[in-house]
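Here is what each chain is made of, one letter per residue.
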Amino acid sequence: RASGYDSATGELEGLVGQIGTASTALRPAGRAQFGDRVVDVVADGGFIALGAAIEVLEVHGNRVVVHERAESQV
């Protein structure tokens, strides 16, 4: 960390509760878009299809956990 190498900077904490879209299929890992930002995420549970609406449940360092939102919630 003293040399500037720190993969868990805390910059992802602000994503908790954000709604986004799966940029790839989440099997369970993949990528998602939140506004202009694309982030590596992990699905809480099983498969989430490409283009599905998702919500960030929690962030642990650089691990962003999401779940699929029901259509009525979008």
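Before reading on, note that the structure itself is shown above.
Criteria and thresholds
- Note on numbering: residues in each chain are counted from 1, in written sequence order.
- Where totals are concerned, whole chains, interfaces and linings use all residues; where local detail is concerned, this predicted model gives features only for residues with pLDDT of at least 70, and gives and counts side-chain atom pairs only at 80 or more.
- Side-chain measures were taken over the full set of non-hydrogen atoms in the model, leaving aside hydrogen atoms and water.
- By the criteria applied, helices consist of DSSP H or I runs no shorter than four residues and strands consist of E runs no shorter than two, each listed in order from the N terminus.
- Contact between two residues is taken to exist if any of their heavy atoms lie within 4.5 Å; hydrogens are not considered.
- When DSSP finds two or more bridges between a pair of strands, those strands are recorded as paired.
- Each axis is a line fitted through C-alpha atoms, and for a helix only the stretch in contact is used; angles between axes span 0 to 180 degrees, taken between their N-to-C directions.

Here we take up the environment of isoleucine 19. Residue placement: isoleucine 19 occurs in strand β1 (residues 19-22). For the pair formed by isoleucine 19 and glutamate 55, sequence separation is 36 residues and the distance between their alpha carbons is 4.5 Å. Among all residues touching isoleucine 19, those that are not within four sequence positions of it are Phe34, Ile54, Glu55 and Arg69.

Take the sheet that holds strand β4 (residues 53-60) next. As summarised here, the arrangement of the 5 strands in space is β1-β2-β3-β5-β4, forming a closed barrel in which the pairing is mixed. Here the strands of the sheet are splayed against their neighbours by 55° on average, with no regard to which way each runs. Summarising the sheet, β4 and strand β5 (residues 63-68) pair through 6 bridges and their orientation is antiparallel. The residue of β5 that forms the bridge with valine 56 is valine 66.

As a further point, take unusual backbone geometry. Omega for the bond connecting arginine 27 with proline 28 falls within 30 degrees of zero, at -5°, which places this linkage in the cis form. Mapped onto the secondary structure, proline 28 falls in the loop between β1 and β2 (29-34).

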